[in-house]
Amino acid sequence: MNAEDLYQEIILDHYRAKHHSGLREPYACQVSHVNPTCGDEIELRVNLDGGVVADVSYLARGCSISQASASVMSDLVIGKTVEAAFGLSDEFTELMHSRGDLQPQWEDELEDAVAFIGVAKFPARVKCALLGWSAFKDAALQALESGTATATKGVPHAG
Ligand code: ZN
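Residues numbered from 1 in each chain as written. Predicted model: local features only at pLDDT ≥ 70, side-chain atom pairs only at ≥ 80, totals over all residues. Heavy atoms only, no water.

Draft legend 1. Examining the overall build of the protein chain more closely. Helix and strand content of the protein chain: five helices and three strands. Put simply, the protein chain runs from its N terminus to its C terminus through helices and strands in the order α-β-β-β-α-α-α-α. The C-alpha atoms of the protein chain give 15 Å as radius of gyration, which agrees with the globular expectation for 159 residues (15 Å, within 12%). By its C-alpha atoms, the protein chain is 45 × 30 × 25 Å across when sized along the principal axes. Counting over 159 residues, the protein chain shows a buried share of 45%. Across the protein chain, contacts joining residues at least 24 apart in sequence account for 59% of those joining residues at least 6 apart. In the structure as shown, the protein chain presents an accessible area of about 7800 Å², 50% of it carried by carbon and sulfur atoms. Computed over 12 positive and 23 negative side-chain charges, the inter-centroid distance for the protein chain is 6 Å. (Helix = DSSP H or I, 4+ residues; strand = E, 2+ residues; numbered from the N terminus. Rg over C-alpha atoms; globule rule 2.2 N^0.38 Å. Buried < 20%, exposed > 50% of the residue type's maximum accessible area, 1.4 Å probe, protein only. Contact = heavy atoms within 4.5 Å. Areas by Shrake-Rupley, 256 points an atom, 1.4 Å probe, with all protein chains shown as cover. Lys, Arg positive; Asp, Glu negative; His and termini not counted. Charge placed at Lys NZ, Arg CZ, Asp CG, Glu CD.)

Okay, structure coming up:
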């Protein structure tokens, strides 16, 4: 199996059996994001505990790429500090804007999210893959700002 087939398989596996899917309580913030160019929608909740991403839950509708990416994202960020999760979000955004030029460090840090390198060759699909990540970042920032999260010191400020 070549890398492209393997990556395709990882994306389809996440699409068929989404990890952490469904909206759960407790949560600090809920957001709704849409990708109008494709028709993808996501409702996403984040719960923080002492600067750590305690839970991410979501309802994703739309194409397989947007749904699979939300699943991979939730796997990667749950249990990480908000700072580390935002770092992964930045790296994934870079990967999606790489036009398919894979950097070796992404394979270690982004795990299954590296599978989207094939998608990065298609500019029209980049927003599909980024939808879940931008919803996560938005919800986490709002949770930090609203002060519903406890003990957020050490976490970078919005903007
Ligand atoms: Zn889409």
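Still to come is the rest of the account.
Draft legend 2. Representation of the packing of aromatic side chains. Counting across every chain of the model gives three aromatic pairs. Aromatic side chains phenylalanine 92 and phenylalanine 116 sit 5.8 Å apart centroid to centroid with 85° between the ring planes, which places their arrangement in the edge-to-face category. Here phenylalanine 92, found in helix H3 (residues 82-96), pairs with phenylalanine 116, found in the loop between helix H4 (104-110) and helix H5 (123-146); they are 24 residues apart in sequence, far enough to count as distant. Judged by its relative accessible area of 0%, phenylalanine 92 falls in the buried class. For phenylalanine 116, a relative accessible area of 1% gives the class buried. Pairing phenylalanine 92 with tryptophan 133 gives two aromatic rings, centres 5.1 Å apart and planes at 20°, and the pair type is stacked. Here the residue phenylalanine 92 occupies a position in helix H3, and tryptophan 133 occupies one in helix H5, the gap between them amounting to 41 residues. We note that phenylalanine 92, like tryptophan 133, is buried. Members of the aromatic cluster, connected to one another through ring pairs, are Phe92, Phe116 and Trp133. It is lysine 137 that lies over the ring of phenylalanine 86; its NZ or CZ is 5.7 Å from the centre. (Phe/Tyr/Trp six-rings, centres within 6.5 Å; stacked < 30°, edge-to-face > 60°. Lys NZ or Arg CZ within 6 Å of the ring centre and 35° of its normal.)

Note that every value here comes from positions in space, so none of it alone points to a role or purpose.
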